[in-house]
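Residues per chain are reported as follows:
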Amino acid sequence: MNAVLFDEHRMAVRPEHLKHLDNLGDRLVIAGPFQTEEGKATGSFMVIEAPDLAAATALYAEDPYIRHGVFETYSISRWALTINRSAGR
């Protein structure tokens, strides 16, 4: 898919993607796009709280960006929040 069509596809799916993120509630810790210097989205970063890898995988599989092919690939890694100055940690 060329860049223009990809951007159009991404923007068409974006409202459904944002609704999905909102529906995650407190399970969503942080999310946002990686960007070029010009501000063009090049990927995304999300941190969710899940009891195990299977639950995390299921949550990501529900994301409209994955279901509608906006994300060609993704990876899930275990991560521990150690320092969070905004939360006083």
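Note: the structure precedes this text.
Being a predicted model, the structure only gives us computed values, none of them experimental.

Focus: the overall build of the protein chain
Link 1 in the chain: Broken down by element type, the protein chain carries three helices and two strands.
Link 2 in the chain: The linear arrangement of helices and strands in the protein chain, starting from the amino end, is α-β-β-α-α.
Link 3 in the chain: Dimensions of the protein chain, computed from the C-alpha atoms along their principal axes, are close to 40 × 30 × 20 Å.
Link 4 in the chain: In the protein chain, buried positions account for 21% of the 89 residues.
Link 5 in the chain: Look at the contacts in the protein chain between residues 6 or more apart in sequence, and 39% of them connect residues 24 or more apart.
Link 6 in the chain: Working note: accessible area of the protein chain is about 6700 Å², and carbon and sulfur atoms make up 53% of it.
Link 7 in the chain: Distance between charge centroids for the protein chain: 5 Å, based on 9 positive and 12 negative side chains.

Looking at helix α2 (residues 53-61)
Link 1 in the chain: Of the positions making up α2, those classed as buried are A56, L59 and Y60. The buried side chains of α2 occupy one side of the element, clustering within an arc of 95° when seen end-on.
Link 2 in the chain: Its side-chain oxygen placed 3.2 Å from the backbone nitrogen of A54, D52 serves as the N-cap of α2.

Things to note about the side chain of R10
Link 1 in the chain: Relative to the assigned elements, R10 resides in helix α1 (residues 3-23).
Link 2 in the chain: For the buried R10, no salt bridge exists, and the shortest N-O distance to an oppositely charged side chain is 6.4 Å, to D7.

Calculation notes
- Residues numbered from 1 in each chain as written.
- Predicted model: local features only at pLDDT ≥ 70, side-chain atom pairs only at ≥ 80, totals over all residues.
- Heavy atoms only, no water.
- Helix = DSSP H or I, 4+ residues; strand = E, 2+ residues; numbered from the N terminus.
- Buried < 20%, exposed > 50% of the residue type's maximum accessible area, 1.4 Å probe, protein only.
- Contact = heavy atoms within 4.5 Å.
- Areas by Shrake-Rupley, 256 points an atom, 1.4 Å probe, with all protein chains shown as cover.
- Lys, Arg positive; Asp, Glu negative; His and termini not counted.
- Charge placed at Lys NZ, Arg CZ, Asp CG, Glu CD.
- Arc of directions from axis to C-beta.
- Polar contact = N/O pair within 3.5 Å; in protein donor to acceptor, adjacent residues only side chain to side chain.
- Salt bridge = Lys/Arg side-chain N within 4 Å of Asp/Glu carboxyl O.

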